[in-house]
Amino acid sequence: MSCEPTPSQTMRVPNPVTPALELTGSSEPQPSRPSHLRQVNARALLRLIREHNPCSKAELVRLSGLSAPTVSSAVSHLATLGLIEHLGEGESSGGRPPEMLRFHAGHGHVAGVDIGGTRLRMVLADLNGRIVTQWAHQFTEKERTPRAVCDLILEGLRCCCQEIGGSMRKVLHLTAGAPGITNVETGVVVSAPNLTDWNGVPLRAMLEERLDLPVSVENDTNLAAVGEHWRGSAKGVANFVFIAMGTGVGAGIFLLDRLHHGANWSAGEIGYMSVEGQPREPLRIRAVGQLERIIGGLAIEKEWHRLLAKRGRTTDAALRRLRASEVFDLAAEGDRLAREVVQYTARILAHSISELSLVLDPEMVILGGGVGSHAELCRATDKLLSENEFGRPALRQSSLGPQAQLHGAISVSLSASEMKLLS
């Protein structure tokens, strides 16, 4: 096992699909068949160009199995739409030099938003998933309501577009991550207790009306798991759990290479898990859960203050101001009291991971978030898990850090915008 972060991987389009081949028969009415075939073939070739960027027409013929005339026709269609660029001639292998093609990643943009408990973050990316600009805003108390957050997202999107000298009309899709139970199908945030009045909020509908563009809404920790699976520590891992620890505590669960939401969209709400030695509590959707109250960022700081008072160290104002991650920094430097806080947190976290492992048996658990991704916590938790004979998944730090949610949002938006590219 290792708690060292895995290096971030080279960017590529998420979840490439096997290209559709040229069709020879169809039950559709004849008038629609040619345009349907053209769309199918263009979509398949666009995916190949994005995956093998740059490439030649000859390579597209070989990779797709389509005929050369069909590839030429589709390439012309994609060029007319502004989706590919001609790079000139490539190297010859003995015959005529091939004409090279490249996906035009600047044809449009996608946006990713992370709605946190204390701030809003946004990134704008090109169609290769490369972040071109970002924007952040710290909430005031009045800005934590659904309507105020939607207003801020519009402001952030305008600022991002102005920063790159682009138009909002070039933004094809936006994905927003919300800190609570989220119904992805309806785009409704069922509950987000760390914000104000976030109960049954139709966030997708509100944003689409406000922004006039397609929107996806997902739980923020689920998006972080998507990001780690796409280009982070879980790339190539089919079964893993991403645990985020910051203001709140939650998990994103991947089973068989797919994000697992559960029957009622609450899979991964581990902040409501019971803590060993604490009395059982009924689950209340509008309340903070027991695990989150005991090892969330504020709870760790509360434990730090308790130990300072116990040891008579409360006169040091600098120590009292330390945030949870800074207490862990102090532990790494050898402070005994800070190490007690790390051990306290690691013991509860290791117990929760063991319980999750008995049900899900993941290959890997990734620790993320402003608190959870700290190397000192990862090492202490890993040591405790190593005492198990089983139920001891590989433990890793997030390689994307606080950007994991935003990378996941970009991934979702890239997938969602694919159809719009050819319309």
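Cut-offs applied
Residues numbered from 1 in each chain as written. Predicted model: local features only at pLDDT ≥ 70, side-chain atom pairs only at ≥ 80, totals over all residues. Heavy atoms only, no water. 1 Å grid on protein atoms, 1.4 Å probe; cavity = no way out; pocket = protein on both sides within 12 Å on 5 of 7 lines; lining within 4 Å. Points joined across faces, edges and corners; volume = space filled by probe spheres on them. Helix = DSSP H or I, 4+ residues; strand = E, 2+ residues; numbered from the N terminus. Nonpolar A, V, L, I, M, F, W, Y, C, P; charged D, E, K, R; others polar. Buried < 20%, exposed > 50% of the residue type's maximum accessible area, 1.4 Å probe, protein only. Pairing = 2+ DSSP bridges. Lys, Arg positive; Asp, Glu negative; His and termini not counted. Salt bridge = Lys/Arg side-chain N within 4 Å of Asp/Glu carboxyl O. Contact = heavy atoms within 4.5 Å. Core = buried A, V, L, I, M, F, W, Y, C linked by side-chain atoms within 4.5 Å.

(A) Main features of the layout of surface pockets. Estimated volume of the largest pocket: approximately 1,000 Å³. Every residue lining the largest pocket is counted, 47 residues in all, and those nearest its centre are Gly117, Met245, Gly246, Thr247 and Gly248. The set of elements that each furnish at least two residues to the lining of the largest pocket consists of β5 (119-126), α6 (220-231), β12 (240-245), β13 (249-255), α8 (297-310), α10 (324-332) and α12 (369-372). The element that contributes the greatest number of residues to the lining of the largest pocket is α6, accounting for four residues. Split by residue class, the lining of the largest pocket holds 17 nonpolar, 22 polar and eight charged.

(B) Expanded view of the pairing of β5. Among the eight residues of β5, seven are classified as buried, and the element is accordingly described as predominantly covered. Here strand β4 (residues 109-115) runs beside β5; their pairing, made up of seven bridges, is antiparallel. In the sheet register, Asp114 faces β5, and the bridge partner there is Arg121. In sequence, β4 turns back onto β5 through a hairpin of three residues.

(C) Inspection of the side chain of Asp220 at higher detail. Mapped onto the elements, Asp220 comes out in helix α6. Buried and without a salt bridge, Asp220 has Arg121 as its closest oppositely charged side chain, separated by 7.9 Å. Each residue touching Asp220, except ones within four places of it in the same chain, is listed here: Asp114, Ile115, Gly177, Ala178, Pro179 and Gln405.

(D) Here's a closer look at the nonpolar core. Grouped together as the largest cluster of nonpolar side chains are 41 residues, with contacts concentrated most on Ile243, Met245, Ile295, Trp304, Leu349, Ile353 and Leu367. When residues of this core are traced back to their parent elements, those giving at least two are β12, β13, α7 (290-295), α8, α10, α11 (336-360), β15 (364-368) and α13 (375-385). Take this core: its biggest share by element is ten residues, from α11. Beyond its immediate stretch of four places on either side in the chain, Leu349 contacts Ile243, Met245, Ile295, Leu367, Leu377 and Thr381. Among the nonpolar cores identified, the runner-up in size contains 32 residues, and Met122, Leu152, Cys160 and Leu203 belong to it.

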